[in-house]
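# Coordinate inspection notes
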Amino acid sequence: MRYLTLFALLAAMLAAPAAAQSLTQATNDGRFNEDVYPSVSDDGNHIVWIKESQSKSDLYVMDAWNLTPTKLTTIGTITFPGGAAVSGDGKQIAFVTGNNLWMLPTTGGTPKQITNFTGTLAAMRDVALTRDGSMVGVTVFDSSTKIFDYAVVDTKTSSVRLVTGATAANDYLYGTMSGDGSLVAFTAKRGYQNSHVFLVATDGTNLRRASTLNVRAYTYPSLDYAATRCAFEVLVGADYEVYTVRTDGTGLVNVSQNSAGKDASPKLSADGERVVWKSQTATAKYGDVYMAYPDGSGLRQAIAINGLPPATSNASLAVNGDGSIVVYASNYPGGYYDLWVWMDRLTRSAASAPKPGNQVALILQDPTMDGGSYLMRSAFSRAPGIKLPGVGIVPLTPDALFWLSGVAPTVFVNYAGTLNAKGQAGAFINVPNEPALKGFGFYTAAAAVKASKTTITNPILITIE
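Just so you know, the residues in each chain are numbered from 1, in the order the chain's sequence is written. Totals for whole chains, interfaces and linings use every residue, but because this is a predicted model, local features are given only for residues with pLDDT of at least 70 and side-chain atom pairs only at 80 or more, for both listing and counting. With hydrogens and water set aside, each side-chain value is computed from the structure's full complement of heavy atoms.

## Some details on the nonpolar core
By convention a nonpolar core is built from buried Ala, Val, Leu, Ile, Met, Phe, Trp, Tyr and Cys residues, the set being connected through side-chain atoms within 4.5 Å. Note on classification: 1.4 Å probe, protein chains only; a residue is buried when its accessible area is under 20% of the maximum for its type, exposed when over 50%, partly exposed between these limits. Counting residues in each nonpolar core, the largest one holds 22 residues, and the members touching the most others are Leu-362, Leu-364, Met-376, Tyr-415, Leu-419 and Ile-429. When residues of this core are traced back to their parent elements, those giving at least two are strand 30 (359-365), strand 31 (373-379), strand 36 (424-430), strand 37 (441-450) and strand 39 (460-463). The helix count covers DSSP runs of H or I at least four residues long, the strand count covers runs of E at least two residues long, and both are numbered beginning at the N terminus.

## Remarks on the side chain of Ser-324
Note that Ser-324 resides in the loop between strand 26 (317-319) and strand 27 (325-330). Overall, Ser-324 belongs to the buried group, its relative accessible area being 1%. For the purposes of these results, a polar contact is taken to be a pair of N or O atoms within 3.5 Å, where, inside protein, one atom must be able to donate a hydrogen and its partner to accept one; residues adjacent in sequence count only when each atom of the pair is a side-chain atom. A distance of 2.6 Å separates the side chain of Ser-324 from the side chain of Asp-322, its partner in a polar contact. The contact definition used throughout considers only heavy atoms, calling two residues in contact when any of these lie within 4.5 Å. With residues near it in sequence (within four places) discarded, Ser-324 still touches Arg-274, Trp-342, Met-343, Asp-344, Leu-346, Thr-347 and Ile-460.

## Comments concerning the packing of aromatic side chains
Note on aromatic contacts: the rings of Phe and Tyr and the six-membered ring of Trp form a pair at centre separations within 6.5 Å, being stacked when their planes are under 30 degrees apart, edge-to-face when over 60 apart, and tilted otherwise. Going through the model one piece at a time under the given rule, you end up with 14 aromatic pairs. Centroid distance Tyr-172 to Tyr-218: 5.6 Å. Interplanar angle 75°. Geometry classified as edge-to-face. Pair noted here: Tyr-172 is in the loop between strand 13 (160-162) and strand 14 (174-177) and Tyr-218 is in the loop between strand 17 (208-209) and strand 18 (222-223), with a separation of 46 residues, a long-range link. Judged by centre distance (4.8 Å) and plane angle (85°), the rings of Phe-402 and Trp-403 are edge-to-face. A relative accessible area of 18% means that Trp-403 is categorised as buried.

Here it is, written out as structure tokens:
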């Protein structure tokens, strides 16, 4: 066949599954300096978190590539847990202090108050921003009625809408909002004996249960950008499992597949392609990080560090837009909380957005494969992939784009070559300057070989903006 040589090369390179590529301790501030509750922009260029130091809490920011912290506020009273979030486009931060919501550019400046809750109503946690920063969601609490609700705020007009219709006192609510600003997901009892995940439009309409499964109380659900799927933590006896379900109520899946560990704190990437969570077992006191596709396939351990905090209901995990960067807070091994940043073997640089006429930079890195050869390809789909009997499955479909990415070097640049002495290589996609390409999405993966060792990356989804 015409592409027999290419198949043979891929077969030779696909002898080992993808594993964690790079794990870095991003902060190391010592005792009495706790780095907690990270949030990360879609491109990974802005990691925002709360640092508690000497009983004062403020916001810091850094990018996933250089990991150089910058202090943004000197307020000292940023509310936590879950009292801050960065917008998907990396331009704005919303946070809670003094019972109200405030906003601040990631470049710094003077915070702007965007709500004016008075009396007994106060913002408290679960801050979520739309990708463009035009809407903020936050859980609010009325101390007179003891009612929790989820508020959606227009950041330009400061108009506030309470969307969950809460009426029962002390029905603890933990919520989030989709990146497109269309949907809120929250956990609460709402008259049931156990907690459930509920969905409601941000205009307050179409309130419904996401599923009939009992979820673990005081835990956060997660939504992808377009509000097509929800991830949440299910209580199964004394065990916890991670499930996903489409927001139309179909496609319920146990993505953690009844593992022996207690699977908790799931996060969906904005593109809806990865679910990331932590799994705690008796032998791993603090737990490790796992990920899978939302349909339950591709289950893998991404981070084996035994280094997540024991509390499973907090917002200790954050993922970027395609799930290739994971940020988490851990008090292991030093006993105080620091931030750790994991990056997959294949990531997309934040330097240039995937827009018509732009060049998209891809970063392949694996120190164990220094001097080895690599091959990269793109395709419209990652499933069912290319089955190679006795070897495995290439996570790309052999469609027209798969072949084009191997024969169009002016568009798909450096899609084959040699990794440098640090195990790094760069490839590029020159996106044609055609407006009709907006919304067009495709997958990219890479494989590498060095002597008898072979690896293949997890596929990432690239969508033209």
